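# Close look at the chain arrangement
So you can see what is in the structure, the chains are spelled out below.
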Amino acid sequence: MTKRTIFFAAMLVGAFGAAAPVLAHPHVWVDAKAELVFDGKGEITAVRNIWRFDDAYSAFASQGLDTNGDGKLSTDELKPLADINVESLKDYAYFTFITGAGGEDIDFDKPTEYWLQDDGGHLILFFTLPTKAPVKAAGKIRLEIYDPTFFVAFRMIDDKDGPIVLDGAPAACAAKAFRPPDMDPAAAAALAAVPADQRNLPPALQLLADDQTNGADIACP
């Protein structure tokens, strides 16, 4: 195992520095999309995450993985990296959080399916994260995708289906997406001054990062 294959782990900070901008926080940028999966009873059973990484991280992480030398990265060639990605993500709660209608935190099991693919020089990670138990969707549910330490900057994307898809939800359910506000230059400069080998933020800077959340509020009758 090399440093470049350890995804979001502590050693990545030192290994990634030569390939990424000098900024300490954030160090990796991700365009994110999520699908909330409902069962036949109208309960939430999983989150499907689709994450597209910035070109600098993608180029760095995929070095040497084109084993057949054809100039392309297949899902088979990317599988060892995908395995380590998903294994490492559990240490960070998969950067995926659901709050139930009663304010309770929802627990997840390990991903049931996952893979990486190359999209024109950008790595895209797909993984399905099942809930430990079905989640009743009545009331207001909040889905958040973010890194509390802002080492990774997530941003929900817009496409033809929107950033959040409700798969199999009752017809009356609706999702309202939210994204982090733009950070002012002074705050961005303060975060950039954090040493590159320091993943956790000082308390004052952590307050700046706390607003950098993405996700959606899901309302079902």
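Here's a quick rundown of the structure.

Analysis parameters
- Residues numbered from 1 in each chain as written.
- Predicted model: local features only at pLDDT ≥ 70, side-chain atom pairs only at ≥ 80, totals over all residues.
- Heavy atoms only, no water.
- Helix = DSSP H or I, 4+ residues; strand = E, 2+ residues; numbered from the N terminus.
- Buried < 20%, exposed > 50% of the residue type's maximum accessible area, 1.4 Å probe, protein only.
- Contact = heavy atoms within 4.5 Å.
- Bend = angle between axes of the 7 residues up to and from the residue.
- 1 Å grid on protein atoms, 1.4 Å probe; cavity = no way out; pocket = protein on both sides within 12 Å on 5 of 7 lines; lining within 4 Å.
- Points joined across faces, edges and corners; volume = space filled by probe spheres on them.
- Nonpolar A, V, L, I, M, F, W, Y, C, P; charged D, E, K, R; others polar.
- Disulfide = S-S within 2.5 Å.
- Pairing = 2+ DSSP bridges.
- Axes fitted to C-alpha atoms, helices over the stretch in contact; angles between N-to-C directions.
- Core = buried A, V, L, I, M, F, W, Y, C linked by side-chain atoms within 4.5 Å.
- Phe/Tyr/Trp six-rings, centres within 6.5 Å; stacked < 30°, edge-to-face > 60°.

What the protein contains, in helices and strands, is five helices and 10 strands. A total of 221 residues make up the protein; the buried ones form 48% of that total. Long-range contacts, defined here as pairs at least 24 residues apart, represent 72% of the contacts in the protein between residues at least 6 apart.

If you look at helix α3 (residues 75-89), its biggest bend is around 35 degrees, right at Leu-81. Elements that come into contact with the buried residues of α3 comprise β2 (43-53), α2 (55-61), β4 (113-119) and β5 (122-136).

This part takes up the layout of surface pockets. As a volume, the largest pocket reaches approximately 230 Å³. Lining the largest pocket we find 15 residues, and of these Phe-150, Ala-153, Arg-155, Met-183 and Gln-212 sit closest to its centre. Of the residues forming the lining of the largest pocket, the biggest block, three residues, is contributed by strand β7 (residues 152-156). By residue class, the composition of the lining of the largest pocket is 11 nonpolar, two polar and two charged.

A separate point is the environment of Pro-202. On the secondary structure map, Pro-202 appears in the loop between α4 (185-192) and α5 (203-209). Pro-202 sits 11 residues away from Leu-191 along the chain, and the two C-alpha atoms are 9.7 Å apart.

Simply put, the disulfide is a covalent bond whose two ends are the sulfur atoms of two cysteines. For the structure shown, the criterion picks out one disulfide. The partner cysteine of Cys-173 in its disulfide is Cys-220, sulfur to sulfur 2.0 Å. Residues Cys-173 and Cys-220 share a disulfide whose torsion about the S-S bond is about 120 degrees; that sign makes it right-handed. You can see Cys-173 sitting in the loop between β8 (164-167) and β9 (174-178) and its partner Cys-220 sitting in strand β10 (residues 214-220), a full 47 residues away along the chain. Of the residues examined, Cys-220 reaches a relative accessible area of 10% and is grouped as buried.

As summarised here, the arrangement of the four strands in space is β3-β6-β10-β9, forming an open sheet in which the pairing is antiparallel. The sheet is open, and its two borders are formed by β3 (96-99) and β9, each paired with just one other strand. Each strand axis lies, on average, 15 degrees off the axis of its neighbour in the sheet, ignoring direction.

Turning next to unusual backbone geometry. Although it is not a glycine, Ala-93 adopts a positive phi angle of roughly 55 degrees. For Ala-93, the position within the fold is in the loop between α3 and β3. Classification of Ala-93 as partly exposed rests on a relative accessible area of 34%.

A few words now on the pairing of β7. Most of β7 is tucked away, with four of its five residues classed as buried. Bridging between strand β1 (residues 28-38) and β7 involves five bridges; their strand directions are parallel. For Ala-32, the partnering residue across the bridge sits in β7 and is Met-156.

With that out of the way, let us pick up the nonpolar core. The biggest cluster of nonpolar side chains holds 43 residues, and the ones touching the most others in it are Leu-36, Trp-51, Phe-53, Ile-98, Leu-143 and Phe-154. Those elements that provide at least two residues to this core are β1, β2, α2, α3, β5, β6 (139-145), β7 and β10. Take this core: its biggest share by element is six residues, from β1. Setting aside residues no more than four positions away along its own chain, Leu-36 makes contact with Ile-44, Ala-46, Val-47, Ile-98, Leu-143, Val-165, Leu-166, Asp-167 and Ile-218.

A few words on the packing of aromatic side chains. Applying the stated rule across the entire model yields nine aromatic pairs. Their ring planes at 45 degrees and their centres at 5.1 Å tell us that Phe-97 and Tyr-146 sit as a pair that is tilted. With Phe-97 in strand β3 and Tyr-146 in the loop between β6 and β7, this pair connects stretches of sequence that are 49 residues apart. Phe-97 sits in the partly exposed class, given a relative accessible area of 23%. Plain terms: the ring middles of Trp-115 and Phe-126 are 4.8 Å apart, the flat faces sit at 10 degrees to each other, and that makes the pair stacked. A residue pair is termed long-range when its members are at least 10 positions apart, and Trp-115 in strand β4 and Phe-126 in strand β5 qualify at 11 residues. Among the aromatic residues, those joined into a ring-pair cluster are Trp-51, Tyr-92, Tyr-94, Phe-95, Phe-127 and Phe-154.

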